Amino acid sequence: MSRRLSLLAICPQQEGAALCAPPMRDMELPCLDLADWRAGGTSRAAFVAGLQSACTRPQSGFFYLRVGAAIPSELADGALRAAAQFFELPLERKLEIDLHESPHYRGFAQLGTETTAATTDLREYVELGDELVASTSGRAESEPLPPYLRMGIGPNQWPRAPPQFKTAMTEYFTACRAVADEVMMGVSAALDLAPEELARTYCPAPLGAHVRYKPACYRSRAYAGGANVRVEDLSQ
């Protein structure tokens, strides 16, 4: 099970402004408001019902989420600005945190180093995550992670420039994860489970995050038409 929050989907705007983007390719997606969950009572019940409907067939399992002040606009703007400044650096500067030099799969991956469906991905990205001890990942010492799960757990490689990169990303991802935790509690409520049940049972792994740059020539119709800087929060 994974929880995915994308800056492009939930970037907060001024209070009261619509956050639901137009449907893509005629796909109608429901739009939920985190304020309803936080209000409690009948508003929370309505949020849970909407979440259950969005995640149940024949619905797609996807939905838009209004987050309001839960993710301040200055955090989203700061993360995007830091990402753009990093990707504008010369390649040799970005390779100072080469992902392939990290035993924990953290750092920068340059253009053309990944493939999807036998097609080269024309993108650059930075792989980040919680900085936990690889042996336990937050578990009790008596419950160490098996070796095959340890590769992605460990310290991040942070770039020297821009100087605010680490702070901007950490603050933004922290805010996103707090929202993700609330959504997971909503899913638990929809299943008549204890609030922390799903997170405790299915999401013990640490937070993962991607900062990606996709140039104008990216071979995907979804990103055609221009360069794209994307900041994502992935809670596995």
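Fair warning: this is a prediction, and the values are worked out from it, not measured in the lab. (Residues numbered from 1 in each chain as written. Predicted model: local features only at pLDDT ≥ 70, side-chain atom pairs only at ≥ 80, totals over all residues. Heavy atoms only, no water.)

Overview of the confidence of the model for the protein
So, step 1. Mean pLDDT over the protein works out to 74, with 65% of the residues at or above the 70 mark.
So, step 2. The low-confidence segment residues 1-24 (pLDDT under 50) makes 60 contacts with residues lying over four places distant or belonging to another chain.
So, step 3. Here residues 135-142 scores under 50 on pLDDT; set against residues more than four positions off or in separate chains, the count is 14 contacts. (pLDDT = per-residue confidence, 0-100. Contact = heavy atoms within 4.5 Å.)

Details of the packing of helix H4 (residues 73-87) against helix H7 (residues 165-190)
So, step 1. Relative orientation of the contacting elements H4 and H7 amounts to 140 degrees, with a least axis distance of 8 Å. The orientation of H4 relative to H7 falls into the category oblique. The element H4 and its partner H7 pack so that their crossing is left-handed. The residues of H7 that touch H4, namely those facing Leu75, Ala76, Gly78, Ala79, Ala82, Ala83 and Phe86, are Phe165, Ala168, Met169, Glu171, Tyr172 and Ala175. (Axes fitted to C-alpha atoms, helices over the stretch in contact; angles between N-to-C directions. Helix = DSSP H or I, 4+ residues; strand = E, 2+ residues; numbered from the N terminus. Parallel < 35°, antiparallel > 145°, perpendicular 65-115°, else oblique. Left-handed = near helix turned anticlockwise from the far one by under 90°.)

Considerations on the packing of helix H3 (residues 41-54) against H7
So, step 1. At their nearest, the axes of H3 and H7 sit 9 Å apart, and the two run at 85 degrees to each other. Judged on the interaxial angle alone, H7 and H3 are roughly perpendicular. Contact residues: Val48, Leu51 and Gln52 in H3; Val183, Gly186, Val187, Ala189 and Ala190 in H7.
So, step 2. Among the residues making up the contact of H3 with H7, the classes are represented as 6 nonpolar, 2 polar and no charged. (Nonpolar A, V, L, I, M, F, W, Y, C, P; charged D, E, K, R; others polar.)

Quick notes on the packing of aromatic side chains
So, step 1. Applying the stated criterion across every chain, the model contains 6 aromatic pairs.
So, step 2. Consider the rings of Phe86 and Phe165, whose centres lie 5.6 Å apart with planes at 50 degrees: the pair is tilted. Remark: Phe165 occurs in helix H7 and Phe86 occurs in helix H4; sequence separation between them is 79 residues.
So, step 3. With a relative accessible area of 0%, Phe86 lands in the buried category.
So, step 4. You can call Phe165 buried: its relative accessible area is 0%.
So, step 5. For the ring pair Tyr172 and Phe173, a centre distance of 5.7 Å and an interplane angle of 55 degrees mean the geometry is tilted.
So, step 6. Taking relative accessible area as the criterion, Tyr172 reaches 0% and is therefore assigned buried.
So, step 7. Members of the aromatic cluster, connected to one another through ring pairs, are Phe86, Phe87, Phe108, Trp158 and Phe165.
So, step 8. Here the basic side chain of Arg44 rests over the ring of Trp37, its NZ or CZ set 3.8 Å away from the ring centre. (Phe/Tyr/Trp six-rings, centres within 6.5 Å; stacked < 30°, edge-to-face > 60°. Buried < 20%, exposed > 50% of the residue type's maximum accessible area, 1.4 Å probe, protein only. Lys NZ or Arg CZ within 6 Å of the ring centre and 35° of its normal.)

Description of the pairing of strand E7 (residues 124-129)
Regular strands show a simple pattern: their side chains alternate between the two faces of the sheet.
So, step 1. The buried fraction of E7 amounts to 6 of the 6 residues, a majority that puts the element mostly inside the structure.
So, step 2. Of the two faces of E7, the one carrying Glu124, Val126 and Leu128 and the one carrying Tyr125, Glu127 and Gly129 are both buried.
So, step 3. Judged from the 3 bridges that link them, strand E4 (residues 107-109) and E7 form a sheet pairing that is antiparallel. Across the sheet, the residue bridging to Gly107 is Glu127, located in E7. (Pairing = 2+ DSSP bridges.)

Here's the deal with the pattern of salt bridges
So, step 1. In the structure shown here, the tally under the stated rule is 4 salt bridges.
So, step 2. With a closest N to O distance of 2.6 Å, Glu182 and Arg38 form a salt bridge. With Glu182 in helix H7 and Arg38 in helix H2 (residues 34-39), this pair connects stretches of sequence that are 144 residues apart.
So, step 3. The buried category is assigned to Glu182, whose relative accessible area is 13%.
So, step 4. Between Glu96 and Arg93 there is a salt bridge, with the nearest N and O atoms lying 3.6 Å from each other. (Salt bridge = Lys/Arg side-chain N within 4 Å of Asp/Glu carboxyl O.)

A short note on the side chain of Lys94
So, step 1. Residue position: Lys94 is located in helix H5 (residues 91-94).
So, step 2. If sequence neighbours within four positions are ignored, Lys94 has contacts with Phe86, Phe87, Leu89, Phe108 and Glu124.

Re unusual backbone geometry
So, step 1. Cis peptide bonds are those with omega within 30 degrees of zero, and the linkage from Ala161 to Pro162 qualifies with -5 degrees.
So, step 2. Residue placement: Pro162 occurs in the loop between helix H6 (147-150) and H7.
So, step 3. Although it is not a glycine, Ala118 sits at a positive phi angle of roughly 65 degrees.
So, step 4. Here Ala118 is to be found in the loop between strand E5 (114-116) and strand E6 (119-121).
So, step 5. Classification of Ala118 by relative accessible area gives exposed; the value is 82%.
So, step 6. The phi angle at Asp192 is positive, at roughly 60 degrees, despite the residue not being glycine.

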